[in-house]
Every structure is written in structure tokens, then in C-alpha cells.
Amino acid sequence: RYNICTLAETPRVPEHCIEYAYIKLWNEEKKIKFDKDSKEDMIWVYEKALKRAEAYGIQGVTYMLTMGVIKNIIPAVATTNAIIAASCVNEALKCGTGIAAHLENEMVYSGQTGTYGNTFQFETDPGCFVCKNRSLDVTLTASSKLEEFIGYLKAPPYNLKNPSISSNSGPLYMSAPKALEEELRPRLKMTLNQIKDEGQLSIKDQFIVTDAVIPQHLLFNVTIVQSLIAVSYTHLTLPTILLVQISVVAVALK
């Protein structure tokens, strides 16, 4: 239900901590099948999730929420069920008789101070590089530094906050947790050629970028060359000649 990169590197909500304890920590430390009906197993996950939430300053991890996440429990109220059932019958009547136009894909019901139903259609933004989940082709010089590429990610159109970057060979830089960030921090000042000499990068590689401000990772197909024709990309706040071309498969950057 959640990207493992988000669970491991940038947890933002209590559910991320619970899923991490349930999926990763349980398998690593217990190495036995989890019993969803066992109170002891549930308490173990709850305590591990609570410690992880405290480490990241996240509040809201409770035993009840832990059970809800693991068992997929959705709180239900009688009136909510009645409204949903009535809406389903109403739509079935419209589809069967043609007396009115049916819903497209969304209805908002507000009943706190009255009754109001608003219908509208969600449409996909053809220029969204996140929901399309398409890879972007990027050409970088071997003398480019990793921190320069991170600076590019922090500029429009991405506007990332603290991105983490991995290649096909492993993590290049992780903004969290703190111990891993400190270990990989020296790579920010290294050139891509130096990182390649360490065996953590190849001439044609793929960067996997995660950040707290995006719901899923971004993919960059990276090609490293020795020299590029000078092209100015000052509007991207990049050093001149850092990028010579960005072949964007996503429509967002066309």
C-alpha cells in the first residue's frame, strides 16, 4: 500500500511507521509468520512503530490504529453506511431508467449543517510527472557533482525539499535517517566520475529519487559523458553546462 522507499527513508504519517514495523522489522527480527489475531504480536508491532514515530517526530501511533492498519479495519458509522447505500441505489435507478445523468467518478457529501451533494469529475493532468510515473532522460557531465543534481531537483518544476537518490548499484545519498545521511554526506562534494570509480555508478544508470513532498519516487535515466556542448540552463538554476539535454518522456516538461 505504501512505497517501501517512503517507509524506510521519509515516513510522514503514523501509518508509515506501523507498516515499516509490520513489513520490515518483524521479518528481520522475528522471522516467523505474523499472527494478526495474536495480541502479543500486535503489541510488538505497536511498540516498534511507536519508537520509530518518536524518532521522526510523528504523533498519532496508537494500539487501535496499529490494529486498523494491519487488519485493514475501516471505521464505519451507521449513518455513513446508510448514505452510501442510498447513493448506490440512486445511481442504479438512474442507470436503469435513464431519468438523470449518472455520476462520473466523485461525489462529495456534506451533512454537518445541512445536506449538500456536489458532483464533479476528476481528470488526470497530462503534464503531471508524478502520477504518470514516467522516467526522464538526463545527460550529465562526469565532472558534475551530486549536490548540483540535487540542486536541480530542488528547483522548478520539481521543487523537492530533501531528496534521496539511489542508483542501480545502491544508495548515493539519503536525507534520512541521520546516521545514513552522515555516512553518505561526503558524496555530495564528489563528482559523478569519482562516484563511478567507487563502483556505485555506471555510464548509463538510473536514478531513483524519493522525497517527502512527492507520493512516489521519480525515475531518471542518466547518461554520463566526459564533455558537453555549452548550453545555458540558468532558468533551472543549474551551473552552465551541467545539463545539455533533458529528453522528457513526461509531457510535463515539454
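Residues numbered from 1 in each chain as written. Predicted model: local features only at pLDDT ≥ 70, side-chain atom pairs only at ≥ 80, totals over all residues. Heavy atoms only, no water.

Trainee: Could you give me a rundown of the overall build of the chain, with the residues and numbers involved?
Mentor: Counting its regular elements, the chain contains eight helices and eight strands. Counting every position in the chain, which comprises 254 residues, the buried fraction comes to 35%. By sequence separation, contacts in the chain at least 24 residues apart represent 56% of the contacts at least 6 residues apart. About 14800 Å² of surface is accessible on the chain, with carbon and sulfur atoms providing 54% of the total. (Helix = DSSP H or I, 4+ residues; strand = E, 2+ residues; numbered from the N terminus. Buried < 20%, exposed > 50% of the residue type's maximum accessible area, 1.4 Å probe, protein only. Contact = heavy atoms within 4.5 Å. Areas by Shrake-Rupley, 256 points an atom, 1.4 Å probe, with all protein chains shown as cover.)

Trainee: Please provide a residue-by-residue account of empty space enclosed by the protein, values included.
Mentor: All told, the structure shown has one cavity of 30 Å³ or more when counted by the stated rule. Within this model, the largest cavity holds a volume of roughly 40 Å³. Of the residues contributing to the lining of the largest cavity, the split by class is three nonpolar, five polar and one charged. (1 Å grid on protein atoms, 1.4 Å probe; cavity = no way out; pocket = protein on both sides within 12 Å on 5 of 7 lines; lining within 4 Å. Points joined across faces, edges and corners; volume = space filled by probe spheres on them. Nonpolar A, V, L, I, M, F, W, Y, C, P; charged D, E, K, R; others polar.)

Trainee: An account of the packing of aromatic side chains is requested, with residue identities and associated values reported.
Mentor: This model, assessed by the stated rule, comprises nine aromatic pairs. Centre to centre, the rings of phenylalanine 149 and tyrosine 152 are 5.8 Å apart; their planes meet at 50°, and the pair counts as tilted. Here phenylalanine 149 pairs with tyrosine 152, and both are found in helix α6 (residues 146-154), just three residues apart, close to one helical turn. For the pair phenylalanine 149 and tyrosine 152, a shared accessibility class is recorded, and that class is buried. Ring centres 5.7 Å apart and planes at 65° place the aromatic pair tyrosine 158 and phenylalanine 220 in the edge-to-face group. Of this pair, tyrosine 158 sits in the loop between α6 and β4 (164-167) while phenylalanine 220 is found in strand β7 (residues 218-225), placing the two residues 62 residues apart along the sequence. Take phenylalanine 220: its relative accessible area is 0%, and that puts it in the buried class. By way of ring pairs, the aromatic residues Phe149, Tyr152, Tyr158, Phe207 and Phe220 are connected into one cluster. Here the basic side chain of arginine 52 rests over the ring of tyrosine 20, its NZ or CZ set 3.7 Å away from the ring centre. (Phe/Tyr/Trp six-rings, centres within 6.5 Å; stacked < 30°, edge-to-face > 60°. Lys NZ or Arg CZ within 6 Å of the ring centre and 35° of its normal.)

Trainee: Pulling in residues and values, what's your account of the packing of helix α3 (residues 39-55) against helix α4 (residues 63-71)?
Mentor: The axes of two packed helices give the description: the angle between them and the distance between them. Interaxial distance between α3 and α4 falls to 10 Å at its minimum, and their mutual angle equals 105°. Taken as axis vectors, α3 and α4 run roughly perpendicular relative to one another. Of the residues in α4, those touching α3 at Lys39, Met42, Ile43, Val45 and Tyr46 are Tyr63, Thr66, Met67, Ile70 and Lys71. For the contact of α3 with α4, the per-class residue count stands at seven nonpolar, one polar and two charged. (Axes fitted to C-alpha atoms, helices over the stretch in contact; angles between N-to-C directions. Parallel < 35°, antiparallel > 145°, perpendicular 65-115°, else oblique.)

Trainee: Describe α3, and please don't skip the residues or the numbers.
Mentor: Helical geometry: 3.6 residues make up each α-helical turn, so side chains three or four residues apart lie on a common side. The terminal C-alpha atoms of α3, which comprises 17 residues, lie 24 Å apart, in line with the 24 Å expected from a rise of 1.5 Å per residue. Considered for burial, the residues of α3 that qualify are Asp41, Met42, Trp44, Val45, Ala49, Arg52 and Ala53. Each buried residue of α3 lies within a common arc of 165° when the element is viewed along its axis, so the set occupies one face. What points out from α3, more than 90 degrees from its buried face, is the exposed set Lys39, Glu40, Lys51 and Glu54. Turning to α3, the residues buried within the fold contact α1 (4-9), α2 (14-29) and α4. At the exit of α3 stands glycine 57, carrying a positive phi of roughly 70°. (Expected span 1.5 Å × (residues − 1). Arc of directions from axis to C-beta.)

Trainee: Can you tell me about unusual backbone geometry, naming the residues and giving the values?
Mentor: Glycine aside, a negative phi is what most residues show, and trans is what most peptide bonds show. In this structure, proline 157 follows proline 156 across a cis peptide bond, with omega equal to 10°. Structurally, proline 157 can be placed in the loop between α6 and β4. Put simply, alanine 176 and proline 177 share a cis peptide bond, and its omega is -5°. Among the secondary structure elements, proline 177 is positioned in the loop between β5 (170-173) and α7 (178-184). With phi around 60°, asparagine 72 is a residue other than glycine that occupies positive phi space. One can find asparagine 72 in the loop between α4 and α5 (78-97). Looking at asparagine 72, the relative accessible area reads 48%, which means it is partly exposed. One non-glycine residue with positive phi stands out, namely asparagine 159, at about 55°.

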